[in-house]
Every structure is written in structure tokens, then in C-alpha cells.
Amino acid sequence: MEKSAKIYIAGHRGMVGSAIYRKLQTEGYTNVITRTSAELDLRDQQKVAEFFATEKPEYVFLAAAKVGGIVANNTYRADFLYENLQIQNNIIHQSYLNGVTKLMFLGSSCIYPKLAPQPLKEDYLLTGLLEPTNEPYAIAKIAGIKMCDAYRAQYGCNYISVMPTNLYGYNDNYHPENSHVLPAMIRRFHEAKANGTPTVTIWGTGTPKREFLFADDLAEACYYLMQNYDQEGLVNIGTGEDISIKDLAFLVSKIVGYTGSIDFDTNRPDGTPRKLMDVSKLHSQGWKHKIELEEGIALAYQDFLSKQTA
């Protein structure tokens, strides 16, 4: 990508899109275009067509999506399927019609079957049933991958797909009910510390293991792959390392400075025992993460604190 190339980031205000935006700015790209959802409804076919016809971006990072936690995914099943299909259909098709040089589609690790072997290899896509609670979101993302491959096969479009693992970092969602496990822990331990709460209770046994990637590392990987990768299918983006929920809880409490006790409510469900990405394909492309978990959580906590005082 030339430094003067016109680059469109769809979803630039989210955790992923904003990280990609920062990366491009750091690298000296001066022609990055964005639109807020209020300025451009990506679900609206006509509006997206007008935007592409007017702006003619050369490169597209498709990081926009309707996202949410388990409850939202399970409650608004039609919305998650319809809106995500609309967003990606409109952007991918208009990219083709308007001669976009290269597009990157960002998915999610939930595309893999619920009972797929660990670690998750790219080849496991469509080899089994999905996790029922977020199936509509996963199906939309799978459709996006297949759409990129289909436009590559039929029209010769240079569209690539990447699947990030669990992400955290700047601009994360710390909502008490809707946030993911790591930002939820940061908030809970911070509030327990501030309120002098003697004990923090974590759901489950603490034995499930999860993988976490700092969002700015994801942006580095996306930038690298946009320059160096050109194949159908998909690429996992992660660290290839995981940590138990129990060890994560103790790590977060240490970084936050919480000195009370941590209990595990074994009457609560554990969820999937393990979700680890196989990142050998990514490593073979020449990229590896830089920010380790303890450093990343410390950076995320500082960002959380800055939002509290803002």
C-alpha cells in the first residue's frame, strides 16, 4: 500500500478498527477515510453504493459488525444475522463494483465448530455444528469468508479473510453486563479495590483456558498481512498461547492492585473448556505477536482508568 493510497476503515471507532487506524497513522498513511454509523448506515445498500462511487477507496479494512456478548447474541438472533450480512454484503460487493485493489475481512473465532479439536486450525471451518448461542453471528461471518473467496474465484478480486482470537486493549467495552471476560475482570477488580470489597467471586471452576491478543498487535498483523498475504481461505490471528481463567483472575487482580480474596463459584457454568487458535499459518507468513499478556493488561487498565476520569 502506497503511503498516499486511499484506505477505508469500516468500523473505525470500534476496538479493532481504531487500532488499525492508529497503526496506519503511525506508518504515515495520510489518506485514510472513515464514516461514523450516523454518517453512513452500512446496512443501507443505496447509501453504501453512493459512498463507494463518490470516494473510490483503493483498500478496505472491513472491521464493522454488530457485536455483543452471549445474552445479546442469543436474544437478538435475527438482528445479528441480518445486520451483519447486510454490512458485509454491501461493502464486499461495492468494493468489487468500484475496483477496490484489496479488501481485508475480519471475522471471529466463533466461526469454528463448538467441538472442534484444539488448537483450532483454519481447516476446521464447516466441519461440525456451531455453538448455538452465537450461531447467527458465526453464520454471517462464515458467509463473509465464503463471499471473499467467491469474488476471488469468479472476478479475480484480491480479498482476504482473517480470524482474530479473543481481543482486548484500548477502547474496549467495560459494560457490567455486556463485556467479555478480561475487560469484565478489570472492571470488577477495580471496583472491588475502590469499594474495599473483601472478596471477588468468579463464575465457574476457573479451569477453562482462553487465549488473548492485544488489539494493537492485531492491527500490526492486519497491516502485515495486507502487505504480504494473498490467498483464499482464512488466517488465524492470535498468540498461540492460553491461560486458565483462574490464573487470569489472579493476574488481573495483581495488576489492578486488589488485595482481597478470590472465590470461584463452582455452581456456575464453565463454558467451553478451551478455545486456542493454531497460529502456525500466521507464523509461517513471518508475523508473531509482540505484546505479552501482563504488559497488555497493564496498558488496558491504564486506558480503563483514563476513561473513568474523562
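Under the annotation held in an unreviewed UniProt entry, the protein carries the name GDP-L-fucose synthase and is attributed to Mucilaginibacter myungsuensis. Under the heading Catalytic activity (unreviewed entry), UniProt records this for the protein: "GDP-beta-L-fucose + NADP(+) = GDP-4-dehydro-alpha-D-rhamnose + NADPH + H(+)". Here the protein is described in UniProt, under the heading Function (unreviewed entry), as follows: "Catalyzes the two-step NADP-dependent conversion of GDP-4-dehydro-6-deoxy-D-mannose to GDP-fucose, involving an epimerase and a reductase reaction."

(A) Structural context of the pattern of salt bridges. Overall, the coordinates contain 18 salt bridges when judged by the stated rule. A salt bridge links Arg187 to Glu191; its shortest N-O distance comes to 3.0 Å. Taken together, the residues span about one helical turn, with Arg187 and Glu191 both in helix 6 (residues 181-195) at a distance of four residues. The class of Arg187 is partly exposed, set by a relative accessible area of 24%. One network of salt bridges, with partners in common, ties together Lys6, Arg35 and Glu55.

(B) Focus on the nonpolar core. Formed by 73 residues in total, the largest nonpolar core has its most connected members in Leu24 and Phe61. Not counting residues up to four positions away in its chain, the partners in contact with Phe61 are Met1, Ile7, Tyr8, Ile9, Ala10, Ile20, Leu24, Met104, Cys222 and Met226. With 26 residues, the next largest nonpolar core counts Met185, Ile262, Ile291 and Ala300 among its residues.

(C) Local environment of the UniProt feature "binding site: substrate" (unreviewed entry) in the protein. The positions that UniProt labels "binding site: substrate" (unreviewed entry) are, in the present scheme, Arg188, Trp203, Arg210 and Asp270. Positionally, Arg188 belongs in helix 6. Dropping the residues within four chain positions of it, Arg188 is found in contact with Val200, Thr201 and Ile202. If you trace the backbone, Trp203 turns up in strand 7 (residues 199-203). Apart from residues lying up to four places away in sequence, Trp203 is in contact with Asp265, Arg268 and Pro269.

(D) Highlighting helix 2 (residues 45-55). Every buried residue of helix 2 is accounted for by Val48, Ala49, Phe51, Phe52 and Glu55. Axial view of helix 2: buried residues confined to an arc of 160°, hence all on one face. In the stretch just after helix 2, Lys56 is the one whose phi turns positive, near 50°.

(E) Main features of the sheet that holds strand 13 (residues 274-275). Read from one edge of the open sheet, three strands run 11-8-13, paired in mixed fashion. Either end of the sheet is taken by a strand with one partner, and the two such strands are strand 11 (243-244) and strand 13. Relative to strand 11, strand 8 (residues 209-210) runs antiparallel, the two sharing two bridges. For Lys209, the partnering residue across the bridge sits in strand 11 and is Ser244.

(F) Local environment of the sheet that holds strand 1 (residues 7-10). Pairing is parallel across the open sheet formed by six strands, whose spatial order is 2-1-3-4-5-10. Whereas interior strands pair on both sides, the edge strands pair on one side only; in this sheet they are strand 2 (32-33) and strand 10 (235-237). By the bridge criterion, two bridges tie strand 1 to strand 2 in an arrangement that is parallel. Bridged to Ile7 within strand 2 is Val32. Across the sheet, helix 7 (residues 215-228) lies against strand 3 (59-62), strand 4 (102-106), strand 5 (159-164) and strand 10, angled at about 145° from strand 4, the strand it touches most.

(G) Up close: the UniProt feature "active site" (unreviewed entry) in the protein. Mapped onto the present numbering, the UniProt feature "active site" (unreviewed entry) falls on Tyr137. Among the residues examined, Tyr137 registers a relative accessible area of 10% and is labelled buried. Those residues in contact with Tyr137 that lie beyond four places of it in its chain are Ala65, Lys66, Val67, Asn73, Phe80, Asn84, Ser108 and Cys110.

(H) Highlighting the side chain of Lys6. With respect to the helices and strands, the residue Lys6 is situated in the segment before strand 1. Dropping the residues within four chain positions of it, Lys6 is found in contact with Asn31, Ile33, Glu55, Lys56, Pro57, Glu58 and Tyr59.

Calculation rules
Numbers given for residues are sequential positions, taken from 1 along each chain in its written order. Where totals are concerned, whole chains, interfaces and linings use all residues; where local detail is concerned, this predicted model gives features only for residues with pLDDT of at least 70, and gives and counts side-chain atom pairs only at 80 or more. Side-chain numbers here rest on the full set of heavy atoms in the structure, without hydrogens or water. UniProt positions are given in the numbering used here, feature names are shortened, and annotations may be inferred rather than shown by experiment. The term salt bridge refers to a side-chain nitrogen of Lys or Arg lying within 4 Å of a carboxyl oxygen of Asp or Glu. Secondary structure elements are defined from DSSP: runs of H or I of at least 4 residues count as helices, runs of E of at least 2 residues count as strands, and each element is numbered from the N terminus. Burial status follows relative accessibility: with a 1.4 Å probe on protein chains alone, a residue under 20% of its type maximum counts as buried, one over 50% as exposed, and anything between as partly exposed. Side-chain atoms within 4.5 Å link the members of a nonpolar core, which is a set of buried Ala, Val, Leu, Ile, Met, Phe, Trp, Tyr and Cys residues. Two residues qualify as a contact provided that any one of their heavy atoms is within 4.5 Å of a heavy atom in the partner residue. What the arc covers is the set of directions going from the helix axis to the C-beta atoms. Two strands qualify as a pair provided DSSP detects at least 2 bridges between them. Lines fitted to C-alpha atoms define the axes here, with helix axes fitted over just the stretch in contact, and angles between the N-to-C directions of these axes take values from 0 to 180 degrees.

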